[in-house]
Amino acid sequence: MVKAVVLGAAGGIGQPLALLLKCNLHITELGLYDIVNTPGVAADLSHISTPAKVEGYLPPDDGLKKTLTGADVVVIPAGVPRKPGMTRDDLFKINAGIVKDLATGIATTAPKAMVLVISNPVNSTVPIVAEVFKKHGVYDPKRIFGVTTLDVVRASTFVADVLGDVRMSKQIVVPVVGGHSGVTIVPLLSQSSHPLPPNLSTSDYQKLVQRVQFGGDEVVKAKDGAGSATLSMAYAGAEFADKVVRAVKGEKGINVPSYVPLAADPAGAAQLTKDLGKELEFFSNTVELGTEGVVRIHPLGPVTDKERELLQTALPELEKNIQTGVNYVAEAYKKAEEDGPARL
Ligand SMILES: NC(=O)c1ccc[n+]([C@@H]2O[C@H](COP(=O)([O-])OP(=O)(O)OC[C@H]3O[C@@H](n4cnc5c(N)ncnc54)[C@H](O)[C@@H]3O)[C@@H](O)[C@H]2O)c1
Ligand SMILES: O=C(O)C[C@H](O)C(=O)O
């Protein structure tokens, strides 16, 4: 029995993600929560002839608590998306509060659930979830994940383009490490399961790196004010959730890329810190999953000089983004204490 929950389930990502989770045969219960439209989305999905029992709730009558009760896996795509000209960090002001409130709901109702954060800016929203859990005394770094799968999906697709065979894209695995925004997205193309053509020019290599780092912008520009990636994100989110669900059910040896607290695996973190030459609290890398969440953070592996340069650019930015999330929660709690205890 596995209960999966989507918070933000009526949105551009939430609806197709809920559809894909309803089609996942490992999931027996699907809880949908949003501030609008979830009863309709749930009624619609409930007619699909797959096992998951679907329920949709809105905020009144403790809807968040009802949705989260008994949850094993919680996916969060709630929050505003970008418009052209915006960075993911521009979303922080609105999305930080949304993620903090939802994290509070999870910490109080389903503190043992695996939490999969999609809401941007992921580099800062994942630290927000971690800090809220710490405040509630239920922090387990093995169970909090930033969903960076879309970067990896894009890297597979774009490398297949360069190799001239799109049929191969599903087999191509390219580690994409760091974080999930612009220069913090670092594709390790030298570790691609399918090597790049040896005669690839420097400028074509740079274009490929740029495309993986700024793939999100391509979609934002094409949607022209109507939001950012939703369908590809739903695909990536469902792939990631499927792996987490299978790990929770006891399948061994599942490896996924994810932006995780490095405290999840102190030994892995020590090696990664050595590889990076810098200590960070969160980093996206390949991690191995078990029934209790992360069991191992993999090392970075061999990187080229060019990739090391990309990492040198990424790390200070990532550190800043992490601190933004941590500070936000500290300030919110300080303000709540000043205003009175009932505020959080
Ligand atoms: N991690 C990634 O790779 C990735 C990829 C694409 C988009 N995103 C991010 O995902 C988020 C959602 O994108 P979208 O296109 O689905 O946006 P959207 O506006 O279509 O949907 C967001 C949904 O969140 C809901 N919502 C708002 N406040 C809420 C709250 N307090 N509780 C519950 N639900 C709430 C809204 O009602 C809406 O239905 C954005 O922040 C976007 O930047 C991340
Ligand atoms: O680009 C965005 O704002 C959405 C998402 O993070 C993406 O990578 O597509």
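Cut-offs applied
Residues numbered from 1 in each chain as written. Chains lettered and ligands numbered in written order. Predicted model: local features only at pLDDT ≥ 70, side-chain atom pairs only at ≥ 80, totals over all residues. Heavy atoms only, no water. UniProt positions renumbered as here; feature names shortened; annotations may be inferred. Core = buried A, V, L, I, M, F, W, Y, C linked by side-chain atoms within 4.5 Å. Buried < 20%, exposed > 50% of the residue type's maximum accessible area, 1.4 Å probe, protein only. Contact = heavy atoms within 4.5 Å. Near = heavy atom within 4 Å. Polar contact = N/O pair within 3.5 Å; in protein donor to acceptor, adjacent residues only side chain to side chain. Helix = DSSP H or I, 4+ residues; strand = E, 2+ residues; numbered from the N terminus. Nonpolar A, V, L, I, M, F, W, Y, C, P; charged D, E, K, R; others polar. Domains from an automatic or database assignment. Pairing = 2+ DSSP bridges. Right-handed = clockwise from strand over helix to strand, strands pointing away. Buried area = accessible area lost by both parts, 1.4 Å probe. Salt bridge = Lys/Arg side-chain N within 4 Å of Asp/Glu carboxyl O. Patch = residues over 30% accessible without salt bridge, like charges linked within 9 Å, V, L, I, M, F, W, Y side chains within 5 Å. Areas by Shrake-Rupley, 256 points an atom, 1.4 Å probe, with all protein chains shown as cover.

Per an unreviewed UniProt entry, the chain goes by the name Malate dehydrogenase and belongs to Lyophyllum shimeji. Taken from UniProt, the Catalytic activity (unreviewed entry) comment for the chain reads in full: "(S)-malate + NAD(+) = oxaloacetate + NADH + H(+)".

## So, the nonpolar core
L7, L32, L116 and F283 are the most contacted members of the largest nonpolar core, which has 108 residues in total. The residues touching L32, leaving out its near neighbours within four places in the chain, are V6, A9, A18, T38, V41, A42, L45, V54, E55, G56, Y57 and T67.

## Re the site of ligand 1
G12, I13, D34, V80 and N120 are the nearest of the 29 residues found near ligand 1. At 3.1 Å from an oxygen atom of ligand 1 is found a side-chain nitrogen or oxygen belonging to N95. Between I118 and ligand 1, the recorded distance is 3.1 Å, taken from a backbone N or O atom to a nitrogen atom. When residues of the shell around ligand 1 are assigned to their parent elements, the largest contribution, three residues, is made by helix α4 (residues 92–109). Per-class residue counts for the shell around ligand 1 are 18 nonpolar, 10 polar and one charged. Lining the shell around ligand 1 are residues from two domains, each supplying at least three of them: domain 1 (3–147) and domain 2 (148–336).

## Concerning the pairing of strand β3 (residues 53–57)
Inspection of the sheet shows strand β2 (residues 29–33) paired to β3 by five bridges, in the parallel sense. Bridging across to β3, G31 finds its partner in E55. In this view, the connection linking β2 to its parallel neighbour β3 by way of helix α2 (residues 38–45) has right-handed handedness.

## What about the domain arrangement of the chain?
Taken domain by domain, the chain comprises domain 1 (3–147) and domain 2 (148–336). Centre-to-centre, using C-alpha coordinates, domain 1 lies 20 Å away from domain 2. Facing 45 residues of domain 1, the contacting portion of domain 2 comprises 54 residues. Overall, the association of domain 1 and domain 2 removes approximately 4200 Å² of surface from exposure, summing both partners, and the carbon and sulfur fraction of that is 67%. When the buried area of domain 1 at its contact with domain 2 is split by residue, R88, N123 and V147 rank highest and sum to 16% of it. Where domain 1 meets domain 2, there are three salt bridges. For R82, the salt bridge is made with D217, and the minimal N-O distance between the two is 3.0 Å. Every element with two or more residues in the side of domain 1 that touches domain 2 is listed here: α1 (14–22), β4 (73–76), α4, β5 (114–117), α5 (122–135) and β6 (144–146). When residues of the side of domain 1 that touches domain 2 are assigned to their parent elements, the largest contribution, 11 residues, is made by α5.

## Topic: the pairing of strand β9 (residues 254–261)
Taken across its eight residues, β9 has seven buried, putting it largely inside the fold. By the bridge criterion, eight bridges tie β9 to strand β10 (residues 282–290) in an arrangement that is antiparallel. In the strand pairing of β10, P261 is matched with F282.

## Quick look at a nonpolar patch on the surface
Taken together, the side chains of V80, I94 and I98 present a nonpolar region at the surface, about 210 Å² in accessible area. Here I94 lies in helix α4.

## Thoughts on the site of ligand 2
For ligand 2, the full set of nearby residues is R82, R88, N120, L150, R154, H180, G216, S228 and A229. Taking R154, its side chain carries an N or O atom lying 2.7 Å from an oxygen atom of ligand 2. Between H180 and ligand 2, the recorded distance is 2.6 Å, taken from a side-chain N or O atom to an oxygen atom. For ligand 2, the protein covers 95% of the area, taking 260 Å² as the surface of the free molecule. Counted by class, the shell around ligand 2 contains two nonpolar, four polar and three charged residues. Counting residues domain by domain, the shell around ligand 2 receives three or more from each of domain 1 (3–147) and domain 2 (148–336).

## Brief notes about the pattern of salt bridges
Per the stated rule, a full pass over the model turns up 20 salt bridges. Here E55 and K53 are joined by a salt bridge, their closest N and O atoms 3.1 Å apart. Under the relative-accessibility criterion, E55 is labelled partly exposed at 29%. For D242, the salt bridge is made with R246, and the minimal N-O distance between the two is 2.7 Å. Of this pair, D242 and R246 both sit in helix α9 (residues 231–248), four residues apart, which is roughly one turn of that helix. A residue is classified by how much of its surface remains accessible, and D242, at 18% relative accessible area, is buried.

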